[in-house]
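What follows is the residue order along each chain.
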There are 2 protein chains.
Amino acid sequence: MATKANKEALAEKPDGTRVNYTSYDVAVRAGVSQSAVSRCFKEGAYASDEMRARVMKAAAELGYTPNAIARSLITRRSDLIAVLISNLTNLYYPEVLSELSRQFSLNGMRMLLFTLPGDTEVDRVLSQIWEYQVGGVIAAAAHILPRHVEEFERRRVPLVLYNRTMKDKAVSAVVCDQVDGARTLVSRLAAAGHKRFAIIDGPAESVVAQERTRGACERIAELKLAKPVIVRGNYDYESGAVGMREIVRQMGRAPDAVICGNDVMAIGCVDAARHELGLEVPRKLSVAGFDGIEPANWMSYQLTTLRQPVQEMARAATELLTSMINNPGAGPEKRSFSAQLIEGATARLAPRSV
Amino acid sequence: MATKANKEALAEKPDGTRVNYTSYDVAVRAGVSQSAVSRCFKEGAYASDEMRARVMKAAAELGYTPNAIARSLITRRSDLIAVLISNLTNLYYPEVLSELSRQFSLNGMRMLLFTLPGDTEVDRVLSQIWEYQVGGVIAAAAHILPRHVEEFERRRVPLVLYNRTMKDKAVSAVVCDQVDGARTLVSRLAAAGHKRFAIIDGPAESVVAQERTRGACERIAELKLAKPVIVRGNYDYESGAVGMREIVRQMGRAPDAVICGNDVMAIGCVDAARHELGLEVPRKLSVAGFDGIEPANWMSYQLTTLRQPVQEMARAATELLTSMINNPGAGPEKRSFSAQLIEGATARLAPRSV
DNA sequence: TTGTACGCGTTATCAT
DNA sequence: ATGATAACGCGTACAA
């Protein structure tokens, strides 16, 4: 047949070398049908040992690899997962990404990575995602709006939010309880005698930052302490240092404790206090952060922080997503984790109670 | 026709909602042929304004998105790029990855991310890559062997190595001249009076580490200085601290200068010197690192380091890869960059000469 | 157990 | 300018 001849010729290059063999090429070489080859590459499909051996031998000789693109066209599902991340320069995300990658790899899924530079890019990135027929998406990025979630629902693409939730919209998510962590932190600081608090908040669009600040403020109010001075930061080192200076300016003196929206800002805050303002930490000033990134452990800091169980959270996210993929009917599910207080050496804490 | 009826029914779910529309659905709604729809979504293809408008309207109403899987099956090329990275926990890589992502996104390519946990995983990961018919690969990972490169050549898949090269094998790469950087560093340190050097080397399998150490040793020998004590590290903070202690143990005293295989180890080294050994840095001991990661800038360190021009390198890597994709004939090409000495505050350097 | 035939959703090649 | 039709490489129902 002409068709067969064409197919055979496909792998032939002008220079005589061959490249990109298909299951058909393998079939010809093994003297079996194409569908037999297909079956041999699928676990638990009908195939005699004799044939399987012949096919595998031919495949190995040609260096044949199944074409995942063609496969997912016919099976109507791909093992592609998209991961959306805001900015990798936030030292917290590489760890998350690394764990996600490990977990997905273990589950036989491939990861399509999208980083979101700006806020308005979401629509553009989502349309790229739809094109690739991904099996699911993990979004560890800000700027995901309810209308985006609705599009996920319409398209029946499973979505798991990482460390963010959505008001008035049921959506699967893996979160760390920021409010609770912040409350615990304030309690422990207050019990140790801190009275005047200040907060270096994260960027306005970060839900995580909002929750951390809210938790701290709530608890401070409950304890009838003075309302904290709050300055805005953007999660980076410099804004932590700037924030610290601004706090001192606004208060006319140093506060007792500064709660920072993340570890990097806390480190900037500690450095500004020590190196620029001459404030001893923690003797004169307590500083605490959130996340538990690796540099927080460094001897120069030994930051007091609320560590997120990244490994467990990443695992939960992949499990949640895979279960959503396999049970398309199931409704949204939230999994919440608690932050762990790392006592560190940048804050004076009362001994653990309760 | 039965076929048409089937195709129409495809987007229909049991519950009556529709999902995953195809170009055929759009065609029916716009009252044109399927191939017309296809053309409308392709730039510069024949299509009257009138029809284009009708088709786009129908597509928008349905929320149609072209299926990239099907497209790349027929065009025999995908806009997928695979990126291989050893370990994201090395603080240097997130920046690289972030830049690569930005660049690829700008060029309309999607990024498939593979992280390599171990050394023997390479083969497994590569076979996953072949399955996805990627247009090209950027490898910023150790453990890529000549036989792997040969498979890239056989399969005609463009490969660009990031910060690694291969002996006896021509392969495209973007590198930073580590040897030259290390030599400059030693020269500047020696000119400032440092005589007894020590080196905290990176892991054995890191070519980058080998070059950094080699460059330093060469220059030290040329200057007729004592052979440096060399201890092995593994790029992480702890191994920098351990390395520093080990150096002092081996030498019976502190050296004049320690050159570390990367910034994270240098930071560990500085911390161990200051906090554990009571050595003033840089008054009693000079320490320098490589990479120029963000924490190296922090006030507590202000590390003296050789910064790699990550942005330029990432850009070069994407340019190189895209040009290889577009000119399949062209041979391998190397692009080399110079590291920039950040003078910092952890080493006493002689004023710049020559 | 194996082979035949068809279709996944798209682009490319023809006619018209 | 537009429409029919044939691939792309694979999985799978069905026949043998």
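- The name an unreviewed UniProt entry assigns to chain A is LacI family transcriptional regulator, from the organism Duganella aceris.

1. Structural notes on the packing of aromatic side chains
Note on aromatic pairs: each is described by the distance of the centres and the angle between the planes.
1) Next: Scanning the entire structure with this criterion turns up 12 aromatic pairs over all chains.
2) Next: Here W298(A) and Y237(B) contribute two aromatic rings whose centre-to-centre distance is 5.3 Å and whose plane-to-plane angle is 5 degrees, an arrangement assigned as stacked. Placement of the pair is W298(A) in the loop between β9 (286–291) and β10 (304–307) and Y237(B) in helix α11 (residues 237–251), with the two residues belonging to separate chains.
3) Next: Overall, W298(A) belongs to the buried group, its relative accessible area being 0%.
4) Next: Accessibility expressed as a relative area gives 6% for Y237(B), which makes it buried.
5) Next: Ring centres of W130(B) and F152(B) lie 4.9 Å apart, and the angle between their planes is 70 degrees; on these two criteria the pair is classed as edge-to-face. Residue W130(B) is located in helix α7 (residues 122–131), and its partner F152(B) is located in helix α8 (residues 146–155); the two are separated by 22 residues in the primary sequence. Each member of the pair, W130(B) together with F152(B), is buried.
6) Next: Counting every residue linked through ring pairs, the aromatic cluster contains Y237(A), W298(A), Y301(A), Y237(B), W298(B) and Y301(B).

2. Details of the sheet that holds strand β8 (residues 257–260) of chain B
Residue and element names in this part refer to chain B.
1) Next: Strand order in the open sheet formed by 6 strands is β7-β6-β8-β9-β10-β12, with mixed pairing between adjacent strands. Of all strands in the sheet, those with a lone pairing partner are β7 (229–232) and β12 (340–342), marking the two edges. Between one strand axis and the next, the sheet turns through 20 degrees on average, direction left out of account.
2) Next: As defined by bridge partners, strand β6 (residues 197–201) adjoins β8 across 4 bridges and the pair is classed as parallel. Across the sheet, residue A198 finds its bridge partner in β8, namely V258.
3) Next: Strands in contact with helix α12 (residues 263–276) are β6, β8, β9 (286–291) and β10 (304–307); relative to β9, the strand with the most contacts, it is inclined by about 160 degrees.

3. Some details on the packing of helix α6 (residues 93–106) of chain A against helix α13 (residues 310–326) of chain A
Residue and element names in this part refer to chain A.
1) Next: The contact between α6 and α13 brings their axes to 9 Å, and the two run at 45 degrees. By the angle between their directions, the pair α6 and α13 is classed as oblique. Our pair here, α6 against α13, has a crossing hand that is right-handed. Contacts between α6 and α13 pair E95, V96, E99, L100, R102, Q103 and F104 from the former with V310, Q311, A314, R315, A317, T318 and L321 from the latter.
2) Next: For the contact of α6 with α13, the class distribution of residues is 7 nonpolar, 3 polar and 4 charged.

4. Quick word on the relation of the copies chain B and chain A
1) Next: Structural alignment of chain B on chain A gives an RMSD of 0.1 Å, achieved by rotating through 180 degrees and translating 0.1 Å along the axis. What the superposition gives is, in effect, a two-fold axis relating one chain to the other. Distance from the rotation axis, computed per C-alpha, reaches its smallest value in chain B at L112(B): 2.3 Å.
2) Next: Here 100% of the interface residues in chain B have copies in chain A that are interface residues too; the copies meet face to matching face.

Definitions and cut-offs
- Residues numbered from 1 in each chain as written.
- Chains lettered and ligands numbered in written order.
- Predicted model: local features only at pLDDT ≥ 70, side-chain atom pairs only at ≥ 80, totals over all residues.
- Heavy atoms only, no water.
- Phe/Tyr/Trp six-rings, centres within 6.5 Å; stacked < 30°, edge-to-face > 60°.
- Helix = DSSP H or I, 4+ residues; strand = E, 2+ residues; numbered from the N terminus.
- Buried < 20%, exposed > 50% of the residue type's maximum accessible area, 1.4 Å probe, protein only.
- Pairing = 2+ DSSP bridges.
- Axes fitted to C-alpha atoms, helices over the stretch in contact; angles between N-to-C directions.
- Contact = heavy atoms within 4.5 Å.
- Parallel < 35°, antiparallel > 145°, perpendicular 65-115°, else oblique.
- Left-handed = near helix turned anticlockwise from the far one by under 90°.
- Nonpolar A, V, L, I, M, F, W, Y, C, P; charged D, E, K, R; others polar.
- Least-squares fit on C-alpha atoms with pLDDT ≥ 70 in both.

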